[in-house]
Every structure is written in structure tokens, then in C-alpha cells.
Amino acid sequence: MSTFDAAAFENTVIEGANETKSTPVPEGTYHALIEGVKIVVRAVNGEQRPILSVTFKILEASPELLAQMNREELFVTHDIWLDVTANGSLARGPNQNLGLGKLREACKMNNPSQQFAFKMLEGYGPLVIEVGTRPGKEEGDIFNKVKAVKAA
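Now for a look at the structure at hand. (Residues numbered from 1 in each chain as written. Predicted model: local features only at pLDDT ≥ 70, side-chain atom pairs only at ≥ 80, totals over all residues. Heavy atoms only, no water.)

## With respect to the overall build of the protein chain
The number of helices and strands found in the protein chain is three helices and five strands. When the elements of the protein chain are put in sequence order from the N terminus, they spell out α-β-β-α-β-α-β-β. Expressed along its principal axes, the backbone C-alpha trace of the protein chain runs to roughly 55 × 40 × 40 Å. Burial analysis of the protein chain (152 residues in total) assigns 26% to the buried set. At a minimum sequence separation of 6, the contacts of the protein chain that also span at least 24 residues come to 52%. In the structure as shown, the protein chain presents an accessible area of about 10800 Å², 50% of it carried by carbon and sulfur atoms. Averaging the positions of the 16 positive and the 19 negative side-chain charges in the protein chain gives two centres separated by 10 Å. (Helix = DSSP H or I, 4+ residues; strand = E, 2+ residues; numbered from the N terminus. Buried < 20%, exposed > 50% of the residue type's maximum accessible area, 1.4 Å probe, protein only. Contact = heavy atoms within 4.5 Å. Areas by Shrake-Rupley, 256 points an atom, 1.4 Å probe, with all protein chains shown as cover. Lys, Arg positive; Asp, Glu negative; His and termini not counted. Charge placed at Lys NZ, Arg CZ, Asp CG, Glu CD.)

This is the structure in C-alpha cells:
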């Protein structure tokens with residue numbers, strides 16, 4: 001594979017319009033693995049809130065579905081808002097970090113005596129994910145939402 005030349009690409013003249021709407025992965029239950037995780041931070045009411053962004057790779061996408069989506073592989077992202085303490089550590093206790101707890105449970109990484117780091121999730125699978133859709137902010141926008149994650 002050749003080396004990508006970002007400087008040349010940056011100066012490329014593009015003709016025609018780009019798509020403005022995406023086609024979501026059809027709603028359903030899929031086997032997937034965790035392709036990657038990263039912590040992103042969003043400002044909410046002047047407060048910095050951490051989010052665990054989990055990218056799932058769908059394992060059994062049919063050739064027809066891949067063709068319909070115009071992709072070689074299918075991915076969906078699951079954002080888990082994290083509760084943190086005033087000093088910035090992960091909050092623990094009743095009603096805190098339930099989404100993270102459910103993900104860790106599905107990955108068999110939620111043992112009280114076990115140490116855990118977010119990057120340990122990468123490559124884990126197969127898992128069963130339930131994919132749904134949600135409306136976007138603009139009229140007609142539809143995006144995927146991971147509704148549930150379970151052990152396979």
C-alpha cells in the first residue's frame with residue numbers, strides 16, 4: 001500500500017457534491033467485537049463531562065448489507081457518559097456508571113477484585129449488541145444507537 005500524501009490530498013480539487021445524509025445500520029441484534037475505545041470530553045452547562053466512546057465492529061454483515069451500506073466493514077459507536085468525582089476519578093456507588101458496569105459485565109471484566117483499564121476492552125468479543133436508531137438534530141437525520149450489550 002502506498003503512503004498517503006496529506007499535503008497533496010489537501011490541495012485536491014473536488015467536483016460535485018458530497019452526501020449529506022447517512023444510512024444507519026439496520027436495527028437488529030448483531031455479534032460484534034470492540035474495535036476501539038477512547039475517552040472524549042464534552043462541555044455541558046460549562047462543565048467538562050467525560051464519555052467512553054466504544055466502537056463496535058459488526059462481525060456477520062452480509063455481502064448484501066455491505067453493498068447496501070457501501071462499506072467493506074460495518075461499525076457502530078456507543079457513547080457511555082461517565083460519572084466522575086470532584087477530583088476527576090471514576091465515581092462508584094449506587095446509580096453511578098451503570099452503562100460502564102453493564103459493558104464490563106458483558107466483557108467479564110466487572111469482578112470487584114479485578115483491576116480494570118478502559119483499553120482492556122479493545123479487541124474483546126464476540127458480544128451481542130442490540131442496534132437501534134435515533135433521530136438527529138436536523139429533519140430526516142437518523143443515526144444508530146447501541147441499545148444493549150450482552151455476553152455472547
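## Side note on the sheet that holds strand β1 (residues 28-44)
The five strands lie next to each other as β3-β2-β1-β4-β5, forming an open sheet whose pairing is antiparallel. The open sheet is flanked by β3 (74-81) and β5 (142-151), the only strands paired with a single partner. Between one strand and the next, the sheet's axes are offset by a mean angle of 30°, whatever the strand orientation. In this structure, β1 lies alongside strand β2 (residues 47-58), joined through twelve bridges in antiparallel fashion. Note that in β2 the partner of L33 across the bridge is K57. In this fold helix α3 (residues 98-106) packs onto β1, β2, β3, β4 (127-135) and β5, with an angle of close to 55° to the strand it touches most, β5. (Pairing = 2+ DSSP bridges. Axes fitted to C-alpha atoms, helices over the stretch in contact; angles between N-to-C directions.)

## Here's the deal with the environment of K145
Examined against the element boundaries, K145 turns out to sit in strand β5. Between the C-alpha atom of K145 and that of L65, which follows or precedes it by 80 residues, the distance is 18 Å. Sequence-distant contacts of K145, defined by excluding residues within four places in its chain, comprise E130, V131, G132, T133 and R134.

## Let's talk about the packing of aromatic side chains
Throughout the structure, instances matching the rule amount to two aromatic pairs. Aromatic side chains F4 and F9 sit 5.2 Å apart centroid to centroid with 55° between the ring planes, which places their arrangement in the tilted category. Of the two residues, F4 and F9, both sit in the exposed class. With a centroid separation of 5.7 Å and an interplanar angle of 80°, the aromatic rings of F116 and F118 are classed as edge-to-face. F116 sits in the partly exposed class, given a relative accessible area of 23%. Looking at F118, the relative accessible area reads 25%, which means it is partly exposed. In this structure, R104 packs its charged tip against the face of F116, placed 4.1 Å from the ring centre. (Phe/Tyr/Trp six-rings, centres within 6.5 Å; stacked < 30°, edge-to-face > 60°. Lys NZ or Arg CZ within 6 Å of the ring centre and 35° of its normal.)

That's the geometry; what it means functionally is another story.
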